[in-house]
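# Residue-level structure breakdown
Listed below, chain by chain, are the residues.
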Amino acid sequence: MKEQGDGIVEDIWRFFSSMKLGLALLGLIALVAGVGTVFPQVNLEPEKAKTVAQIWQTLGFTQIYSTSWFRLLLGLLCINLIVCSLQRFQGIYHRTFVLRPPESVSTVPNKVKAKMVGDGEPLQKSVLDVLQRSGFKVTTKLSDKGWSFIAIKRRLGNWGSLISHISFVVLVIGAILGVTMGFKGFFMTGAGTTIPIESINVSKGTVKQDFSVHIYSAEDRFLPNGERDNWYTDMGIIENGKEMIRETISVNHPLTYKGVTFYQSSFANGVSLTVDIKDQKIPVVLQDHGGNYFQAPGTDLYLIVAAIKSDPQKPIIFYQVYKGKGVEPVQTGQLNAGQTIDVQGEYKLTLEGNAGFTGLQVKQDPGVMVVWLGCALLLLGLLLSFYWRTIVVLGVFQSGPGADGELTIGAMAGKVAGGVQQEFDRLIRDIQAK
Amino acid sequence: MEQGLQNLETLSFYVMLMAYTLCMIFYWVWIGTKKELMGLFATYLTIAALVANTSAILLRMIIAGRPPLSNSYEFLLTFVWGITVVYLFIEYRYKLRSLGAFIMPISVMILMFIIMSMGAEERIAQAIPPALKSQWLTFHVVTATLAYGAFAISFGLGIMYLLKLSKESTGKKSNPQGIISHFPALDIIDELSYKVIGFAFPLLTLCIITGAIWANYAWGTYWSWDPKETWSLITWIIYAAYLHARLMYGWKGKRAAWMTVFGFAAVLFTFFGVNYFLPGLHSYASSQSSMFV
């Protein structure tokens, strides 16, 4: 029974340690990913995605990258990479740190090979001298018939492949951490407002923090040549009634506080107004094109700003007032900066000036640093694999009847001989020159 | 002043176009006639084209006041520059002039695409949205330029390999005056193609990573499965499969040559196909600039 169990484990291990499986999974992932670019995806084009035939929507083709079967493919690839890496670790370790000089000529690699004849002792000295000067770490062994050696250079290169494969697993762990432990949200608000972080619109995850965000100002700045410079938001974080940090953010320059990052995402024009109702003055900020509304307390009047002529000195608005559920406005008109009007005899409205509306993407992603670590490992692995390739040179000297003998020397080249051959030829030339 | 610079940039573009077209013709003449003088003309014209290409890029940089990497026209200009730089290095380092007959047509076709599909108003320097004002974009596009340039070279080598192989496999004795006789031995072409991909693959990886870092700064999302990202990943997977198949299973020769062709087809689709058929977050990369940030 135990043997049968061992057999199954061994079969599973063999299945997952196959590089063919890895290549097949990579091909499948590429294929599915390609199909996902043909179908509109819910996360990128939600409206278009709804127009796709129901059958494709049901099969998950409009949110292909978050379907369980796509995640299963990624999971299987991760398992394959882990098993392959574990299986190869020992071999790489031995090829790097436990190098043994060859016992006989037959163990010297054939693909990149040379022979030379000479006196044993001076030849050994030349070989060691040339190899050590070229940066090789040499291990030698003496025997009755002569001597042998093995030399390694750029030994870290051996680890490149393993590091780059493991990096993929690190990347996936980072992505999982981000999805399971973070959140993603958005809010748009005008200058002068304070928003509790837990009240923002969240599209993924849950907000656990309890601080507030105060927007001091939001600006759409232009360069002297008329081009847009950037959108700027002067914002502060308020926690337990105390301002913890105040900073101006812009597109490409986010702010991070306690793991929550605020990204400048969009901008809209708005105005600041004062509502005078029953001797109480209420500051109000309203967005252009009716982006938000104000309902005066104790009334069923809804005020929106339909259009703004955003002159920096003298803004002018076109306002509309709606009553209850009525679809036609009960009052409309134009209002200049500093001007006060009466709204349905209920309150007075004064236009104070411009006020920008800022759209901020808010994200907490505890996995992002793990993702960057994965990226760094991937790059390190590839650099080691392609730009820091390990070279192993080994040889056996067999004494002849006199002092002379024959040195058979070769280099391990794997499946790629070209680069190794050049370096090997140079070493042989240097040894012969000595 | 600016008008003068714009005129100079336009002039550089047309000088570059002429030089690229002429060098392509001279490479063809050289490969057909074996006259050394023709080959020298081809090489010098390629250098002249590179100089004109560089000056067009630098002038655009001065006019726009930013790295010239923000729309299709600017990227294609640097893509051609990347192809030429990598090609000239290969020609100098490996004395492989015959490759020029396969590489220069790629550059000329890209420039023809600019002329035929982009109006003058799309080629002038335009304002860019705030999201594109990032140093990460510069790293992202520069690495893409060099990686794509090198993949174009591997594609040219793959075509050379397949042509030579088909000629040799017919069993006919190679004509010493024939075009194929200028090609290096099959295993040298194969090995060089591998080396070029080995150079380009880490650069493509860096390109994807710098793109992810930039996206994270700009949008708070390092990966959103936007069509451009996805196709660059597919391209990456194709070349990763090439490297695995070669290193682990000894895939060489014909199969490897076909993979370089498929890989470059994916590179072209990542740029042209995605920009023109599958717009997403990279919609600003198409010639019509958008205000998406």
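Residues numbered from 1 in each chain as written. Chains lettered and ligands numbered in written order. Predicted model: local features only at pLDDT ≥ 70, side-chain atom pairs only at ≥ 80, totals over all residues.

## Focus on the overall build of chain A
Rules: Where helices and strands are cited, they refer to DSSP runs of H or I of at least four residues and of E of at least two residues respectively, numbered from the N terminus. Partly exposed residues are those falling between the two cut-offs: more than 12 but fewer than 20 other C-beta atoms within 10 Å of their own, whereas 20 or more means buried and 12 or fewer means exposed, with C-beta atoms placed from the backbone. This entry defines residue contacts through backbone-placed C-beta atoms, with two residues in contact when those atoms are within 7 Å.
Scanning chain A from terminus to terminus reveals 9 helices and 22 strands. Taking the principal axes of the C-alpha coordinates as reference, chain A spans close to 120 × 60 × 40 Å. Looking at chain A as a whole, 30% of its 434 residues qualify as buried. Relative to all contacts within chain A whose residues are 6 or more apart in sequence, the contacts with residues 24 or more apart total 58%.

## Some thoughts on helix H7 (residues 160-181) of chain A
Residue and element names in this part refer to chain A. As a reminder of what qualifies: To estimate the expected span of a helix, subtract one from its residue number and multiply by 1.5 Å.
The end-to-end C-alpha distance of H7, which contains 22 residues, comes to 31 Å, matching closely the 32 Å that a straight helix rising 1.5 Å per residue would cover. Within H7, burial applies to Gly160, Ser161, Leu162, Ile163, Ser164, Ile166, Ser167, Phe168, Leu171, Val172, Gly174 and Gly178. Where H7 is buried, its residues contact helix H5 (68-97) and helix H8 (368-387).

## Side note on the environment of Tyr293 of chain A
Residue and element names in this part refer to chain A. Here Tyr293 is to be found in the loop between strand E13 (280-287) and strand E14 (294-295). Accessibility expressed as a C-beta count within 10 Å gives 16 for Tyr293, which makes it partly exposed. A C-alpha to C-alpha distance of 9.5 Å links Tyr293 and Val321, two positions 28 residues apart in sequence.

## Concerning the interface of chain B and chain A
Threshold: Residue type decides the class: Asp, Glu, Lys and Arg count as charged, Ala, Val, Leu, Ile, Met, Phe, Trp, Tyr, Cys and Pro as nonpolar, and the leftover types, Gly among them, as polar.
Facing the 39 residues of chain B at the interface are 38 residues of chain A. Broken down by element, the residue count for the side of chain B that touches chain A peaks at 13 residues, all from helix H7 (residues 186-219) of chain B. Broken down by class, the residue content of the side of chain B that touches chain A amounts to 24 nonpolar, 10 polar and 5 charged.

## A closer look at the packing of H8 of chain A against H7 of chain B
Rules: Every axis corresponds to a line fitted to the C-alpha atoms, with the helix fit spanning only the stretch in contact, and the corresponding angles, defined between N-to-C directions, vary from 0 to 180 degrees. Working definition: roughly parallel below 35 degrees, roughly antiparallel above 145 degrees, roughly perpendicular at 65 to 115 degrees, and oblique for all remaining angles. Crossing handedness follows the turn of the near helix against the far one: under a right angle anticlockwise gives a left-handed crossing, and clockwise gives a right-handed one.
The interhelical angle for the contact between H8 of chain A and H7 of chain B, taken along N-to-C directions, is 165 degrees, at an axis separation of 9 Å. By the angle class used here, H8 of chain A and H7 of chain B are roughly antiparallel. Crossing of H8 of chain A against H7 of chain B: the hand is left-handed. On H7 of chain B, the residues that touch Val368, Cys375, Leu378, Leu379, Leu382, Leu383 and Phe386 of chain A of H8 of chain A are Gly198, Phe201, Pro202, Thr205, Leu206, Ile209 and Asn216 of chain B. Among the residues making up the contact of H8 of chain A with H7 of chain B, the classes are represented as 11 nonpolar, 3 polar and no charged.

## So, the sheet that holds strand E7 (residues 212-222) of chain A
Residues and elements named next belong to chain A. Where we set the bar: Two strands qualify as a pair provided DSSP detects at least 2 bridges between them.
Read from one edge to the other, the open sheet built from 4 strands follows the order E5-E7-E8-E9, with strand pairing classed as antiparallel. Single-partner strands in this sheet number two, and they are strand E5 (194-196) and strand E9 (242-250). Averaged over all neighbouring strand pairs, the angle between strand axes comes to 25 degrees, with direction disregarded.

## Some details on the domain arrangement of chain A
We apply this condition: For every domain, the bounds stem from an assignment made automatically or drawn from a database.
The assigned domain composition of chain A is domain 1 (2-87), domain 2 (99-154 + 389-433) and domain 3 (270-353). Distance between the C-alpha centres of domain 1 of chain A and domain 2 of chain A: 47 Å.

## Concerning the packing of H7 of chain B against helix H9 (residues 253-277) of chain B
Residues and elements named next belong to chain B. Contact geometry of H7 with H9 gives a least axis separation of 10 Å together with a crossing angle of 40 degrees. In terms of their interaxial angle, H7 and H9 are classed as oblique. Handedness of the crossing formed by H7 with H9: left-handed. Along its contact with H7, which presents Leu186, Asp190 and Ser193, the element H9 presents Gly253, Ala256 and Thr260. Taken together, the residues of the contact of H7 with H9 sort by class into 2 nonpolar, 3 polar and 1 charged.

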